[in-house]
Amino acid sequence: MILDDLKKPWMAEISPLAHTPGIGDLRSEVARVRRDIWMRDFWMIFPLVALAGGAVFFKWVADDAPSVSARVTVILNVACAVGVTVMLLGKRRLAARDNWTLRERLGQEIIMLERQIALLRNVGYWFILPMFLVIVVTSILGQHERIGSYLPGPVLWGLYVGYVVVSLLAYRLCQHDAGRRLLPLLWRLESLHDDLVGRESRNS
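Residues numbered from 1 in each chain as written. Predicted model: local features only at pLDDT ≥ 70, side-chain atom pairs only at ≥ 80, totals over all residues. Heavy atoms only, no water.

## A look at the pattern of salt bridges
Per the stated rule, a full pass over the model turns up 7 salt bridges. With a closest N to O distance of 3.2 Å, E109 and R34 form a salt bridge. Linking E109 in helix 4 (residues 102-121) with R34 in helix 2 (residues 23-61), this pair joins segments that are 75 residues apart in sequence. What makes R34 partly exposed here is its relative accessible area of 31%. R105 is the partner of E109 in a salt bridge, and the nearest nitrogen-oxygen pair spans 3.1 Å. Note that E109 and R105 are positioned in helix 4 at a spacing of 4 residues, about one turn of the helix. Salt bridges sharing partners connect three or more residues here, namely E29, R32, D36 and R181. (Salt bridge = Lys/Arg side-chain N within 4 Å of Asp/Glu carboxyl O. Helix = DSSP H or I, 4+ residues; strand = E, 2+ residues; numbered from the N terminus. Buried < 20%, exposed > 50% of the residue type's maximum accessible area, 1.4 Å probe, protein only.)

Here you go:
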């Protein structure tokens, strides 16, 4: 089948929606959300991977006899980087096909948004809490290696309080982005998808 043979069915599918008010803005908003998600994932993954790589090199490879605390620190940093990377990239993965219909494509965008909303709403479980545990464990182990005490001093308490404050702010921002930006966009896509399904059922 040549390209001209595909034009008529494709145009027949998309033409009923071509003049829908705001369809261009909707498409632009979806593309903008995808770009923002890519940038967010990059700036979350890159520092964690760089930190884990530095820990592996300086605390394990370059050290002829790494201590137990150094090894634990490296393992936790690597595990955190891998876990966050898998979580973020896994939520972006969608089925790949060359012959998506418009309805199927909308369905894929809806799935993508549903995953991202769930990701933001649960950020405390998969990112904030694990990172806090990594910071607490590695900082206490480092302090014990330096001064022989597991009891956090004023500096560590200040670090923990600072992390909690920043984490609460980040959590609120994630909830705001999920509720005020992604959720309305999801509703618009679902409405368009339902409209397309209704048109197809009436034409069948």
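## Notes on the layout of surface pockets
Taken as a whole, the second largest pocket spans an internal volume of roughly 200 Å³. When residues in the lining of the second largest pocket are grouped by element, the largest group, 6 residues, is from helix 6 (residues 154-203). Here the residues of the lining of the second largest pocket sort into 13 nonpolar, 1 polar and 1 charged. (1 Å grid on protein atoms, 1.4 Å probe; cavity = no way out; pocket = protein on both sides within 12 Å on 5 of 7 lines; lining within 4 Å. Points joined across faces, edges and corners; volume = space filled by probe spheres on them. Nonpolar A, V, L, I, M, F, W, Y, C, P; charged D, E, K, R; others polar.)

## With respect to the nonpolar core
Core analysis: the biggest nonpolar cluster contains 39 residues, and L88, L113, W126 and L189 have the highest contact counts within it. Listed by contribution, the elements that provide at least two residues to this core are helix 2, helix 3 (68-92), helix 4, helix 5 (123-147) and helix 6. For this core, the element with the highest residue contribution is helix 6, accounting for 12 residues. In contact with L113, other than residues within four places in its own chain, are V33, L182, L185, L186 and L189. (Core = buried A, V, L, I, M, F, W, Y, C linked by side-chain atoms within 4.5 Å. Contact = heavy atoms within 4.5 Å.)

## Thoughts on a nonpolar patch on the surface
Together, W38, M39, F42, W43 and F46 give the surface a local cluster of nonpolar side chains, amounting to about 560 Å² of exposed area. Residue position: M39 is located in helix 2. (Patch = residues over 30% accessible without salt bridge, like charges linked within 9 Å, V, L, I, M, F, W, Y side chains within 5 Å. Areas by Shrake-Rupley, 256 points an atom, 1.4 Å probe, with all protein chains shown as cover.)

## Describing the packing of helix 3 against helix 5
Packed helices, taken two at a time, are described by the angle their axes make and the gap between the axes. Where helix 3 meets helix 5, the closest approach of the two axes is 9 Å, and the angle between their N-to-C directions is 170°. What the angle tells us is that helix 3 and helix 5 run roughly antiparallel. In this structure, the crossing between helix 3 and helix 5 has a hand that is left-handed. Along the contact surface, helix 3 presents S69, V72, T73, L76, N77, C80, V84, M87 and L88, while helix 5 presents W126, F127, M131, V134, V137, T138, L141 and E145. The residue makeup of the contact of helix 3 with helix 5, split by class, is 12 nonpolar, 4 polar and 1 charged. (Axes fitted to C-alpha atoms, helices over the stretch in contact; angles between N-to-C directions. Parallel < 35°, antiparallel > 145°, perpendicular 65-115°, else oblique. Left-handed = near helix turned anticlockwise from the far one by under 90°.)

## Considering helix 5
Compared with an ideal rise of 1.5 Å per residue, which puts 25 residues at 36 Å, helix 5 spans 35 Å between its outermost C-alpha atoms and is within 8% of the ideal. After helix 5 finishes, the residue G148 shows a positive phi value of roughly 80°. (Expected span 1.5 Å × (residues − 1).)

## Quick look at the confidence of the model for the protein
The predicted model of the protein has a mean per-residue pLDDT of 86, with 83% of residues at 70 or higher. Counting contacts from residues 5-14, a segment whose pLDDT is below 50, to residues more than four positions away or on other chains yields 7 contacts. (pLDDT = per-residue confidence, 0-100.)

## Here we look at the packing of aromatic side chains
Counted by the stated rule, this structure contains 8 aromatic pairs. Aromatic side chains F132 and Y160 sit 6.1 Å apart centroid to centroid with 75° between the ring planes, which places their arrangement in the edge-to-face category. Note that F132 is positioned in helix 5 and Y160 in helix 6, a separation of 28 residues in sequence. A relative accessible area of 24% places F132 in the partly exposed class. With a centroid separation of 5.6 Å and 25° between ring planes, the pair formed by F132 and Y163 is classed as stacked. Note that F132 is positioned in helix 5 and Y163 in helix 6, a separation of 31 residues in sequence. (Phe/Tyr/Trp six-rings, centres within 6.5 Å; stacked < 30°, edge-to-face > 60°.)

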